[in-house]
Amino acid sequence: MVDLAGQYKKIKTEVDSAIEQILTNTSFINGPAVKQFQTNLEKYLGVKHVIPCANGTDALQVAMMALNLKPGDEVITTSFTFIATAEVIALLQLTPVLVDVDPQTFNIDPDAIERAITPKTKAIVPVHLFGQSADMDRIMEIAEKHNLYVIEDNAQAIGADFYSKDGSIKKAGTIGHIGCTSFFPSKNLGCYGDGGAIFTNDDELAEQLRIVVNHGMKVRYYHDYVGVNSRLDSIQAAVLDIKLKRLDEYTEARRFAANYYNTAFAASDKLKTPVTAAFTNHVYHQYTLVTHCVNRQKLMEHLQSKGISSAIYYPVPLHMQKAYLDPRYTRGDFPVTENLCKTVISLPIHTEFDVETLEYVTSNVLEFVRD
Ligand SMILES: *Cc1c(COP(=O)(O)O)cnc(C)c1O
């Protein structure tokens, strides 16, 4: 689905020398590379504080811990996302309240959020799925009206712009009280192992987040809170700093591939190409088609036989996952999500495509859906 080896080849000299420097000076943990990446990411995102951590799942968990959410508090999130979003809610014994998504953008439906609010609701976790921002103007309005926190799960949309109706342009992940991201290798800004980060513009929250990621400790060996150990290591930070400089270029390469796919599939009545909402641009973490009257399994097998990867993000809605079955929910509760789980297919998308490869992928997809 991605070509990380091809991408590495182009930055090999720079990456190898940065890693070698850390191996030599042994600043593996909290070295200068971490601070440098943190500062550069703050600048890139236009956000006051970036708190690096060990992965995107930790970022979400730490955010909820720093907001002092308590067992029984309700957290509203989408039924169509990667499990990590709901997992940390469950782990902290908060109550996940799921809502359906918009059928065009696959992002959380603000009207459904409003309907799900109860006196126990404490936070909303929108996920900027596949690379475009959720409707943050509406979500922030709802949050303000009901006095709720907003934690953005920005693991898939780093670099995407949100165009607010007040005329400002903000980076996805910097609009809510806290934003979370993942630097998993295949994410748009990925390292060569695990990594994550938390964003906020609030000084007090930033301090609390820094305490939670560091064992609940402000003064060394004095633990005022129960925290976790979640760090971005120096080698990963050095790799990320090199890739951050190229992030906009990488995004352009993804957009080129997505536009190529869009053009090729435009005429097919069996394939619905991604729809970008007017209030955001798209960084195409995934390129996801909705199929119509297509045997999806057979299409995937056909592509596989031609050496083309494809994937289903996501095959099972959160409320139908075995570990998350809950008497509050049943099949049919989230019809948009359930229909997407049955019909979506994601094609390879990355930074290293050439036109011949894109042509090869599209012609093989079209060959199958024409039959
Ligand atoms: C990847 C991802 C995460 C988790 O990131 P990890 O670094 O793998 O823990 C969380 N939420 C979403 C939507 C993701 O895509």
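The structure presented is a predicted model; accordingly, all values stated were derived computationally and were not measured.

*Asks:* Looking at this model, I keep getting lost on the pattern of salt bridges. Mind explaining?
*Replies:* Opposite charge on two side chains permits them to pair, given that their charged atoms come into close proximity. By the definition in use, this model includes 14 salt bridges. As a salt-bridge pair, Arg246 and Glu14 come within 2.8 Å of each other at their nearest N and O atoms. Separated by 232 residues along the polypeptide, Arg246 in the loop between helix 8 (234-244) and helix 9 (247-265) and Glu14 in helix 1 (residues 4-25) bring together distant segments of the chain. By relative accessible area, which is 28% here, Glu14 ends up partly exposed. Among the ionic pairs, Arg328 bridges to Asp326, the shortest N-O distance being 2.9 Å. It is possible to trace a salt-bridge network through shared partners that takes in Asp111, Glu114, Arg138 and Lys145.

*Asks:* Sorry, what's going on with the environment of Leu340 here?
*Replies:* Along the chain, the position of Leu340 falls in helix 11 (residues 335-343). For Leu340, a relative accessible area of 3% corresponds to the buried category. Along the sequence, Leu340 and Pro103 sit 237 residues apart, while their C-alpha atoms lie 7.9 Å from each other.

*Asks:* Explain the packing of aromatic side chains here, please?
*Replies:* The relation between two aromatic rings is expressed through the spacing of the ring centres and the mutual angle of the planes. Scanning all chains against the criterion turns up 15 aromatic pairs. Ring centres of Phe37 and Phe183 lie 5.5 Å apart, and the angle between their planes is 75°; this geometry places the pair in the edge-to-face category. Taken together, the residues Phe37 in helix 2 (residues 32-45) and Phe183 in the loop between strand 8 (178-182) and strand 9 (196-200) connect sequence positions 146 residues apart. Given the relative accessible area of 1%, Phe37 is considered buried. Overall, the relative accessible area of 0% leaves Phe183 in the buried class. One aromatic cluster is present, built from ring pairs that chain together Phe80, Phe82, Phe106, Phe130, Tyr313 and Tyr314.

Reading the values: the criteria
Residues numbered from 1 in each chain as written. Predicted model: local features only at pLDDT ≥ 70, side-chain atom pairs only at ≥ 80, totals over all residues. Heavy atoms only, no water. Salt bridge = Lys/Arg side-chain N within 4 Å of Asp/Glu carboxyl O. Helix = DSSP H or I, 4+ residues; strand = E, 2+ residues; numbered from the N terminus. Buried < 20%, exposed > 50% of the residue type's maximum accessible area, 1.4 Å probe, protein only. Phe/Tyr/Trp six-rings, centres within 6.5 Å; stacked < 30°, edge-to-face > 60°.

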